[in-house]
Amino acid sequence: MMGLGLCWQCGVALTLNEVAGICPPCRWAWPLLPSGQASQALAALRCGAKVWGLGFRLCGARGTDAVVHRMKYGAFPEKGRALGHWMAQDWPAPPPGSVLVPVPLHWRRRARRGFNPSRALAGGLASVWSLPIHDQALRRVQHLPSLTASTRAARLSVLEGTYAATPVDDDGAQKVVLVDDVLTTGATFRMCRRALEKEGHEVLGGVWLGLA
Ligand SMILES: [Zn+2]
């Protein structure tokens, strides 16, 4: 019999209720961030906008750090889609007429990884919420080697001008929900939002798999 493989975290044989290669008992350890709790207010404070979806807190001991790392660097776009699908089931869909816009990677980074993890996540969300994805709405206009080492202030200034949006077309402004893998300071979200609003789009808020 062809199995589904082994749980990537604990090694037991997977059954149909796996999510992105993780068995239910491993998943029950995840520090989830369900809709309507304090974590949602914290995330909203960081990004300055409405939170339309939040998966879990990043935690090394409870396995979620590894889940995000594997989604980003493991070259498994289907894991990102599965996680988006899993998350969307617990969150009400954004209003009809809104579009999902994944935060873009620079093309060089995307070429190296083979895909954009945020785009993969958006794919899973879109299938449950029945919303379109507009992945041409935003683009990176400048390559940055790494943001992780810089201070918050340095990061903000270096991010200035790194995203550009396409102007509204004949259909008019889009109601955008941004999709990204991890919410840290909210700086990336704010930059994307500014770029989109500069071109006349309306940003309703964001969705993140992990809260750092
Ligand atoms: Zn497991």
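Since the model is a prediction, treat every value here as computed from it, not as a measurement.

Asks: Got a sec to walk through the layout of surface pockets? Specific residues and values, please.
Replies: Computed from the structure, the second largest pocket encloses a volume of approximately 300 Å³. As for the second largest pocket, its lining consists of 17 residues, of which Pro104, Arg110, Asn116, Asp135 and Gln136 are closest to the centre. When contributions to the lining of the second largest pocket are tallied by element, the ones reaching two or more residues are helix H4 (77-88), helix H5 (107-113), helix H6 (117-129) and strand S3 (138-140). With three residues, the top contributor of residues to the lining of the second largest pocket is S3. Residues belonging to the lining of the second largest pocket are distributed by class as follows: eight nonpolar, three polar and six charged.

Asks: Tell me about the pairing of strand S2 (residues 98-102), and name the residues and values.
Replies: The buried fraction of S2 amounts to five of the five residues, a majority that puts the element mostly inside the structure. Where S2 lies against strand S5 (residues 175-183), five bridges are found, and the strand directions are parallel. Each residue of the ladder has a partner; that of Ser98, found in S5, is Lys175.

Asks: Explain the sheet that holds strand S6 (residues 202-211) to me, and be specific about the residues and the numbers.
Replies: Spatial strand order, S1-S6-S5-S2: four strands in an open sheet with parallel pairing. With one partner strand each, in any of the chains shown, strand S1 (50-57) and S2 form the two edges of the open sheet. Taking the axes of each pair of neighbouring strands and ignoring which way they run, one obtains an average angle of 20° across the sheet. As paired strands, S5 and S6 are joined by eight bridges and run parallel to one another. Within S6, the position partnered with Leu183 by the bridge is Leu211. On the sheet, helix H2 (residues 38-47) packs against S1, S5 and S6 and is oriented at approximately 120° with respect to S1.

Asks: I'd like a description of the coordination of the zinc ion, backed by residues and values.
Replies: At 2.2 to 2.3 Å from the zinc ion lie its protein donor atoms, namely Cys7 (SG), Cys10 (SG), Cys23 (SG) and Cys26 (SG). For the zinc ion, the four donor atoms are set out with angles of 106 to 114° between them, so the coordination reads as tetrahedral. Of note, the zinc ion draws all its donor residues from one chain, in the sequence arrangement C-x2-C-x12-C-x2-C. Taken together, the residues span a long stretch of sequence, with Cys10 in the segment before helix H1 (24-28) and Cys26 in helix H1 at a distance of 16 residues. When its relative accessible area of 42% is taken as the criterion, Cys10 is described as partly exposed. Take Cys26: its relative accessible area is 15%, and that puts it in the buried class.

Asks: Mind laying out the nonpolar core, listing which residues take part and the relevant values?
Replies: Core analysis: the biggest nonpolar cluster contains 55 residues, and Leu83, Leu138, Leu178 and Leu209 have the highest contact counts within it. Those residues in contact with Leu83 that lie beyond four places of it in its chain are Val19, Ala20, Trp30, Val67, Met71, Leu121 and Leu209.

Asks: Help me get a handle on empty space enclosed by the protein, residues and values and all.
Replies: In total, this model carries one cavity of 30 Å³ or more according to the counting rule given. The volume enclosed by the largest cavity comes to roughly 30 Å³. Lining the largest cavity are Val103, Leu178, Val179, Asp180, Thr188, Phe189, Val207 and Trp208. Mapped onto the lining of the largest cavity, the elements with two or more residues apiece are S5, helix H8 (187-198) and S6. Broken down by element, the lining of the largest cavity gets its largest block of residues, three residues, from S5. Class assignment for the residues of the lining of the largest cavity results in six nonpolar, one polar and one charged.

Asks: Describe H2, with residues and values.
Replies: Of the positions making up H2, those classed as buried are Ser39, Gln40, Ala43 and Cys47. When H2 is viewed along its axis, its buried side chains cluster within an angular range of 100° and face the same direction. Every exposed residue of H2 that faces more than 90 degrees away from the buried side is listed here: Ala38 and Leu45. Looking one or two residues beyond H2, the residue adopting positive phi is Gly48, at roughly 70°.

Cut-offs applied
Residues numbered from 1 in each chain as written. Predicted model: local features only at pLDDT ≥ 70, side-chain atom pairs only at ≥ 80, totals over all residues. Heavy atoms only, no water. 1 Å grid on protein atoms, 1.4 Å probe; cavity = no way out; pocket = protein on both sides within 12 Å on 5 of 7 lines; lining within 4 Å. Points joined across faces, edges and corners; volume = space filled by probe spheres on them. Helix = DSSP H or I, 4+ residues; strand = E, 2+ residues; numbered from the N terminus. Nonpolar A, V, L, I, M, F, W, Y, C, P; charged D, E, K, R; others polar. Buried < 20%, exposed > 50% of the residue type's maximum accessible area, 1.4 Å probe, protein only. Pairing = 2+ DSSP bridges. Axes fitted to C-alpha atoms, helices over the stretch in contact; angles between N-to-C directions. Contact = heavy atoms within 4.5 Å. Donors = N, O, S within 2.8 Å, 3.2 Å for Na, K, Ca; no water. Tetrahedral: all angles 85-135°; square planar, octahedral: opposite > 155°, others 65-115°. Core = buried A, V, L, I, M, F, W, Y, C linked by side-chain atoms within 4.5 Å. Arc of directions from axis to C-beta.

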